[in-house]
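Structure assessment
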Amino acid sequence: MEEGTPYSGQYGKGSRAGRILLGAFIKRFAWSVTINDEGELTTLTFYKQASGMVGGIIGVSQVNKEFNSIINSLINFHKGIESKK
């Protein structure tokens, strides 16, 4: 976690400065996560904070691949919970 709270914060992996200086040679990922609990309904909002543009086409590809990996993990986790109901 880089800032905020566990329920509304920004999470990151890698060096911002390194990504700016060395582009795609340094991996940098950043996500915003918000969890809202409204009675029986809980929502998770997850989106990219870093596009990877500093790393060029390779950087964008790296960020998209990592984002899709996390989304697929969340989908599988949710399916596992639903199947136990």
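My aim in this report is to walk through the structure given alongside it, one point at a time. What you are looking at is a predicted structure, and each value in this text was computed from that prediction instead of being measured. (Residues numbered from 1 in each chain as written. Predicted model: local features only at pLDDT ≥ 70, side-chain atom pairs only at ≥ 80, totals over all residues. Heavy atoms only, no water.)

1. Some words on the layout of surface pockets
Taken as a whole, the largest pocket holds about 200 Å³ of empty space. Along the walls of the largest pocket sit Ile35, Thr42, Thr43, Leu44, Leu74, Phe77, His78 and Ile81, which together make up its complete lining. Elements that contribute at least two residues to the lining of the largest pocket include exactly β4 (41-48) and α2 (56-83). In terms of residue count, α2 provides more of the lining of the largest pocket than any other element does, 4 residues in total. Class assignment of the residues belonging to the lining of the largest pocket gives a composition of 5 nonpolar, 3 polar and no charged. (1 Å grid on protein atoms, 1.4 Å probe; cavity = no way out; pocket = protein on both sides within 12 Å on 5 of 7 lines; lining within 4 Å. Points joined across faces, edges and corners; volume = space filled by probe spheres on them. Helix = DSSP H or I, 4+ residues; strand = E, 2+ residues; numbered from the N terminus. Nonpolar A, V, L, I, M, F, W, Y, C, P; charged D, E, K, R; others polar.)

2. Some details on the sheet that holds strand β3 (residues 28-38)
Within a beta sheet, neighbouring strands are joined by backbone hydrogen bonds and run either parallel or antiparallel to one another. Strand order in this open sheet of 4 strands is β1-β2-β3-β4, and the pairing throughout is antiparallel. Each edge of the open sheet carries a strand with a single partner, namely β1 (3-5) and β4. Between one strand axis and the next, the sheet turns through 30° on average, direction left out of account. Sheet topology note: the strand β2 (residues 8-14)/β3 ladder contains 7 bridges and is antiparallel. The residue bridging Gly9 from the neighbouring strand is Val33, located in β3. Lying on the sheet, α2 is in contact with β2, β3 and β4; it crosses β4 at an angle near 165°. (Pairing = 2+ DSSP bridges. Axes fitted to C-alpha atoms, helices over the stretch in contact; angles between N-to-C directions. Contact = heavy atoms within 4.5 Å.)

Keep in mind these values describe shape, not function.
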